Amino acid sequence: MHVCDGFLSMRNRKMKEKIMIKVSEIIKENKPTLSFEVFPPKTEDKYEGVLSAAKQMSKLHPSFISVTYGAAGGTRAFTTNIAGDIASLGVPSLAHLTCVSSTKESVDEALAQYKTHGIENILALRGDLPEGVSDLGEDADFRHASDLTAYIKSHGDFCVGGACYPETHPEAENKNADILNIKKKVDAGCEFLTTQMFFENSIMYNYMYRLREAGVLVPICAGIMPITNANQVKRAIQLSGTVMPPRFLALVDKFGDKPEAMKQAGIAYATDQIIDLIANDVNHIHVYSMNKPEVAEAIVKNLSDIVVLK
């Protein structure tokens, strides 16, 4: 059976009803939560491996698991099926949806599929522009995440979240303009925000202060990326333009050529970030777990008496 046909396995069909809990309900209380993220495969032959990783993470009882959306929407069917299977496993799922490659017709189709699969949480994103493209153009149905958010909210009872950028979106004119764009998302119906990865907590605290001062009062999930191999550092900088603190760079210099030591050190650094965040009342943590259930499990164990998962 072809995975792109939108199937759910017979075993999953017989499992308990999909968990249909809105992320906004999960994080409305000011108690610590921990969620993970998986990304779908680019090809069908890798699907079962990704689904296996998601299933292993679900056994950790995270607050929810999000599933990303490939460039140009190329993994939409995989995103839908994995998010649906996660919901079947008893864990709330959050499916990404992007403006890039989307039309009103394709979004209508995606929303219908999400409903069928028991998915009611969506992260609405602009998405990465294709190489050489600087703007989606005036003719695009959705130019900004705020446009997509408003459309989703007007087409069903979905819980919609958005992204935010502690170190400023790389395409924003300045910090103030970036904050105003975030407020547009919230005004359009965005119910919570998840940050881009960051490695210096003081940047996050300053950012949250500026958001609150601007009237952005929705819950915020702090995005934490455990760097478990040295090659991820360059990629992280390319993706987010993030600042790498000297103490983190020292860690990479010391352990970067020792894979197991680097993994242990990277998990410890991420754990330290999370503990500091929670100690300062930033209670909602979203781990960019990169389809690595062993990393997610190690972090859960490190936080066993700090974040109680059920």
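The rules behind the values
- Residues numbered from 1 in each chain as written.
- Predicted model: local features only at pLDDT ≥ 70, side-chain atom pairs only at ≥ 80, totals over all residues.
- Heavy atoms only, no water.
- Helix = DSSP H or I, 4+ residues; strand = E, 2+ residues; numbered from the N terminus.
- pLDDT = per-residue confidence, 0-100.
- Contact = heavy atoms within 4.5 Å.
- Salt bridge = Lys/Arg side-chain N within 4 Å of Asp/Glu carboxyl O.
- Expected span 1.5 Å × (residues − 1).
- Buried < 20%, exposed > 50% of the residue type's maximum accessible area, 1.4 Å probe, protein only.
- Pairing = 2+ DSSP bridges.
- Axes fitted to C-alpha atoms, helices over the stretch in contact; angles between N-to-C directions.
- Phe/Tyr/Trp six-rings, centres within 6.5 Å; stacked < 30°, edge-to-face > 60°.
- Right-handed = clockwise from strand over helix to strand, strands pointing away.

*Asks:* How would you summarise unusual backbone geometry if you had to cite specific residues and measurements?
*Replies:* Glycine aside, residues mostly have negative phi, and peptide bonds are mostly found in the trans state. Although it is not a glycine, Asp 281 adopts a positive phi angle of roughly 65 degrees. Mapped onto the elements of the fold, Asp 281 is located in the loop between helix 11 (259-279) and strand 8 (284-287). Its identity as a non-glycine residue notwithstanding, Met 290 has a phi of 55 degrees, on the positive side. Examined against the element boundaries, Met 290 turns out to sit in the loop between strand 8 and helix 12 (293-302).

*Asks:* Describe the confidence of the model for the chain, and please don't skip the residues or the numbers.
*Replies:* Per-residue confidence for the chain gives a mean pLDDT of 88; residues scoring 70 or more make up 88%. Contacts from residues 1-16, a stretch scored under 50 in pLDDT, to residues over four places away or in other chains number 27 contacts.

*Asks:* Now, about the pattern of salt bridges: what can you tell me, with residues and values included?
*Replies:* Here the structure, examined in full by the defined rule, presents 10 salt bridges. One salt bridge in this structure joins Arg 126 and Glu 171, with 2.9 Å as the shortest N-O distance. Of this pair, Arg 126 sits in the loop between strand 4 (121-125) and helix 6 (145-153) while Glu 171 sits in the loop between strand 5 (159-164) and helix 7 (175-188), placing them 45 residues apart in sequence. With a shortest N-O distance of 3.4 Å, Asp 257 and Lys 258 are connected by a salt bridge.

*Asks:* Pulling in residues and values, what's your account of helix 8 (residues 201-213)?
*Replies:* Compared with an ideal rise of 1.5 Å per residue, which puts 13 residues at 18 Å, helix 8 spans 19 Å between its outermost C-alpha atoms and is within 8% of the ideal. Listed in full, the buried residues belonging to helix 8 are Asn 201, Met 204, Tyr 207, Met 208, Arg 210 and Leu 211. Contacts made by the buried residues of helix 8 are with strand 5, helix 7, strand 6 (192-195), strand 7 (220-224) and helix 11. One or two positions beyond helix 8, positive phi appears at Gly 215, with a value near 90 degrees.

*Asks:* Before we move on, can you summarise the sheet that holds strand 4 with the specific residues and values?
*Replies:* In space, the eight strands of this closed barrel follow the order 1-2-3-4-5-6-7-8, with parallel pairing throughout. Neighbouring strand axes in the sheet, compared pairwise and without regard to direction, differ in orientation by 30 degrees on average. Sheet analysis places strand 1 (residues 33-38) next to strand 8, joined by four bridges and oriented parallel. Counted as the bridge partner of Ser 35 is His 286 from strand 8. Of the strands in this sheet, strand 3 (93-98), strand 4 and strand 5 are in contact with helix 6, which crosses strand 4 at around 150 degrees.

*Asks:* Just give me the short version of the packing of aromatic side chains, but keep the residues and values in it.
*Replies:* Here the structure, examined in full by the defined rule, presents four aromatic pairs. Plain terms: the ring middles of Phe 142 and Tyr 151 are 5.2 Å apart, the flat faces sit at 70 degrees to each other, and that makes the pair edge-to-face. On the basis of relative accessible area, Phe 142 is assigned to the buried category, the value being 2%. With a centroid separation of 4.9 Å and an interplanar angle of 65 degrees, the aromatic rings of Phe 248 and Tyr 269 are classed as edge-to-face. Here Phe 248 is found in helix 10 (residues 246-255), whereas its partner Tyr 269 is found in helix 11, with 21 residues between them in sequence. Overall, the relative accessible area of 6% leaves Tyr 269 in the buried class. Taken together, Phe 199, Phe 248 and Tyr 269 form an aromatic cluster joined through their ring pairs.

*Asks:* For the pairing of strand 6, give the residues involved together with the corresponding values.
*Replies:* Taking every second residue as pointing to the same face, both faces of strand 6 are buried, with Phe 192 and Thr 194 on one and Leu 193 and Thr 195 on the other. Where strand 5 meets strand 6, four bridges bridge the pair, whose relative direction is parallel. Its bridge partner lying in strand 6, Cys 164 is registered against Thr 195. In this view, the connection linking strand 5 to its parallel neighbour strand 6 by way of helix 7 has right-handed handedness. In the sheet, strand 6 pairs with strand 7 via two bridges, with the strands oriented parallel. In the strand pairing of strand 7, Thr 194 is matched with Cys 221.

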